[in-house]
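Summary of structural features
What follows is the residue order along each chain.
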Amino acid sequence: MGAACCTQENDQNSTPLQVAKVEPAFRQGPANEEVAPPAPEPEPPLELKEEAPAPQLEPPKVKEEIVEEVVEQEAEGMVITFQLSTGSMKHVAFTSGPVGLDFERKMPIIVKRIKEGSPGQALGVGLGWEIVSIDGVSLRDMDFQSAFATLKGSCARLPNA
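Figured I'd write up the structure that's included with this text.

Observations concerning the side chain of Ser96
- Relative to the assigned elements, Ser96 resides in the loop between strand E2 (89-94) and strand E3 (101-103).
- Residue classification places Ser96 among the buried positions, given a relative accessible area of 17%.
- Residue contacts for Ser96: discarding those within four places in its chain leaves Pro119, Leu158, Pro159, Asn160 and Ala161.

Re the environment of Ala147
- Here Ala147 shows up in helix H3 (residues 144-156).
- A sequence separation of 10 residues divides Ala147 from Val137, and the C-alpha atoms of the two residues are 9.5 Å apart.
- Excluding its chain neighbours within four sequence positions, the residues that come into contact with Ala147 are Met107, Ile109, Ile134, Leu139 and Met142.

Digging into the pattern of salt bridges
- In total, this model carries three salt bridges according to the counting rule given.
- One salt bridge connects Lys106 with Glu104, and the closest N-O pair in it is separated by 3.5 Å.

Considering the packing of aromatic side chains
- Applying the stated criterion to the full structure yields four aromatic pairs.
- Three or more aromatic residues joined by ring pairs make a cluster, and in this case those are Phe103, Phe144 and Phe148.
- In this structure, Arg105 is placed above the aromatic ring of Phe148, and the distance from its NZ or CZ to the ring centre is 4.9 Å.

Rules behind the numbers
- Residues numbered from 1 in each chain as written.
- Predicted model: local features only at pLDDT ≥ 70, side-chain atom pairs only at ≥ 80, totals over all residues.
- Heavy atoms only, no water.
- Helix = DSSP H or I, 4+ residues; strand = E, 2+ residues; numbered from the N terminus.
- Buried < 20%, exposed > 50% of the residue type's maximum accessible area, 1.4 Å probe, protein only.
- Contact = heavy atoms within 4.5 Å.
- Salt bridge = Lys/Arg side-chain N within 4 Å of Asp/Glu carboxyl O.
- Phe/Tyr/Trp six-rings, centres within 6.5 Å; stacked < 30°, edge-to-face > 60°.
- Lys NZ or Arg CZ within 6 Å of the ring centre and 35° of its normal.

Spelled out as structure tokens, the structure:
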């Protein structure tokens, strides 16, 4: 019969041996054989959905403010253009006086104080604003006396509040 190992032939309580087939855990081949990694699984194709075209939006309508339109006024009003500390310009239309703005007697004319309850305060004029034009007439190249005369002449046309 077959070969027996570590058993006694006359052992009556022994269970018969079971034989299992064993396969090597590693393939045998050349020692430096490179094994390629498994190929990646192909990705499923992308489904292209046809989207409805985006609605065409009209650009916002911008109201163009032209200085000449702002300066045109009734004979009783006055528009002072200020340059703010940010560099932007602001047109303020005065319809009554006295305007209530105080400044030093030098160029440029910069608002130093606003009288309480005055049209200047009611219209939101700010401290530090520079007067750059009056009724469309630039003060930039004027001396203080000429600029003050222009301001005084325009203020004289305003009815008192």
